[in-house]
Amino acid sequence: MNTWSWGYVGDILPELLKGLWITVQATLYGSLVSFALGLVWALALRSPHRLLTWPVGIVIEFIRNTPLLVQLFFLFFVLPGWGLAFPPLATGVIGIGLHYSTFTAEVYRAGIDGVPAGQWEAATALSLPRRRTWSAVILPQAFRRVVPVLGNYVIAMFKDTPMLAAITVGDMLFQANSIGAATFDYMEPITVVGVLFLVIAYPTSLLLRALERRLVR
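Residues numbered from 1 in each chain as written. Predicted model: local features only at pLDDT ≥ 70, side-chain atom pairs only at ≥ 80, totals over all residues. Heavy atoms only, no water.

Some remarks on the nonpolar core
Rule in force here: Here, nonpolar core means buried Ala, Val, Leu, Ile, Met, Phe, Trp, Tyr and Cys residues that are tied together by side-chain atoms lying within 4.5 Å of each other. Each residue's exposure class comes from its accessible area (1.4 Å probe, protein chains only) as a fraction of the maximum for that residue type: buried when under 20%, exposed when over 50%, partly exposed otherwise. Secondary structure elements follow DSSP: runs of H or I of four or more residues count as helices, runs of E of two or more count as strands, with numbering from the N terminus. Only heavy atoms matter for contacts: two residues are in contact if any of them lie within 4.5 Å across the pair.
Among the nonpolar cores identified, the biggest contains 16 residues, and Ile-12, Leu-16, Met-172, Ile-179, Val-192, Val-193 and Phe-197 are the most heavily contacted of them. Among the secondary structure elements, those contributing two or more residues to this core are helix H1 (6-45), helix H6 (130-160), helix H7 (172-183) and helix H8 (187-215). In terms of residue count, the dominant contributor to this core is H8 (6 residues). Here Val-192 is in contact with Trp-4, Val-9, Leu-13 and Leu-16, once residues within four sequence places are set aside. The next biggest cluster of nonpolar side chains, apart from the first, holds 13 residues, and it includes Leu-39, Val-107, Ile-138 and Leu-139.

Now the structure itself:
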């Protein structure tokens, strides 16, 4: 039975922190991709043209209902055969961002639908152009409603980043597995990774709850 070694923890911590930085990068960049694409999906689904809403709806449902890991494997192992190859981290960012964009699209939709009808009527009465109505009236109010929920998806994305180790992204889990394979001792590296996730995710969730209470007042 293995015994816990704080000296071993001190030796491996720098490598795990390097992995943490990769994890944070994947989360932040993936969030930007998911937020931007999610808004595009949400606006496309509100289009009056079925030739746009129908294929977008199919794409969203396909991505939302297939496993993230399968999508990552497809991007990393299949697309290069078609001449589309990206570095592991870029592939992970695209994959996780694309996957979560289908969920943030629903968040945006709910936020937009939650804007009072009077706001649309006021914009129409002022003869605001459609683009100006969206940018100056509807979206600012919708964003205020959805910020806490989007934050929850950032946390969920952060906790899903260990899947990126499967496509050789050097995140925390990848570093922990590499250290364990080299030393034949997995207890400390895997445990430290779990603690690091907890130390970051739990306080962030508390901040989001506080933000949500403040915004709904």
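The structure having been displayed, the exposition proceeds.
Some points on H7
The condition is simple: Given a helix with a known number of residues, its expected span is that number minus one, times 1.5 Å. For this quantity, the arc is that covered by the directions from the helix axis to the C-beta atoms.
For H7, with 12 residues, the first-to-last C-alpha span of 16 Å sits near the 16 Å given by 1.5 Å per residue. When H7 is considered as a whole, its buried residues turn out to be Met-172, Gln-175, Ala-176, Ile-179 and Gly-180. The buried residues of H7 occupy an angular sector of 130 degrees when the element is viewed end-on, so they sit on one face.

A word on the layout of surface pockets
What counts here: In the cavity and pocket records, a cavity denotes points on a 1 Å grid over the protein atoms alone where a 1.4 Å probe fits but cannot get out, a pocket denotes an open set with protein on both sides within 12 Å along at least 5 of 7 lines, and lining residues are residues with an atom within 4 Å of a point. Grid points are joined across faces, edges and corners, and a volume is the space filled by probe spheres set on the points. Each residue gets one of three labels, nonpolar for Ala, Val, Leu, Ile, Met, Phe, Trp, Tyr, Cys and Pro, charged for Asp, Glu, Lys and Arg, and polar for the others, Gly among them.
As a volume, the largest pocket reaches approximately 200 Å³. As for the largest pocket, its lining consists of Phe-62, Ile-63, Thr-66, Val-70, Gln-71, Phe-74, Leu-75, Gly-95 and Leu-98. Going through the elements one at a time, helix H2 (50-64), helix H3 (68-78) and helix H4 (88-113) are the ones with two or more residues in the lining of the largest pocket. It is H3 that contributes the most residues to the lining of the largest pocket, 4 residues altogether. A class-by-class count of the residues in the lining of the largest pocket yields 6 nonpolar, 3 polar and no charged.

Remarks on the confidence of the model for the chain
Here is the rule we go by: Every residue gets a pLDDT, meaning the predictor's confidence in that residue, from 0 to 100.
Per-residue confidence for the chain averages 90 on the pLDDT scale, and 98% of its residues sit at or above 70. Taken element by element, the chain is modelled with least confidence in helix H5 (residues 117-125), mean pLDDT 72, and with most confidence in H3, mean pLDDT 97.

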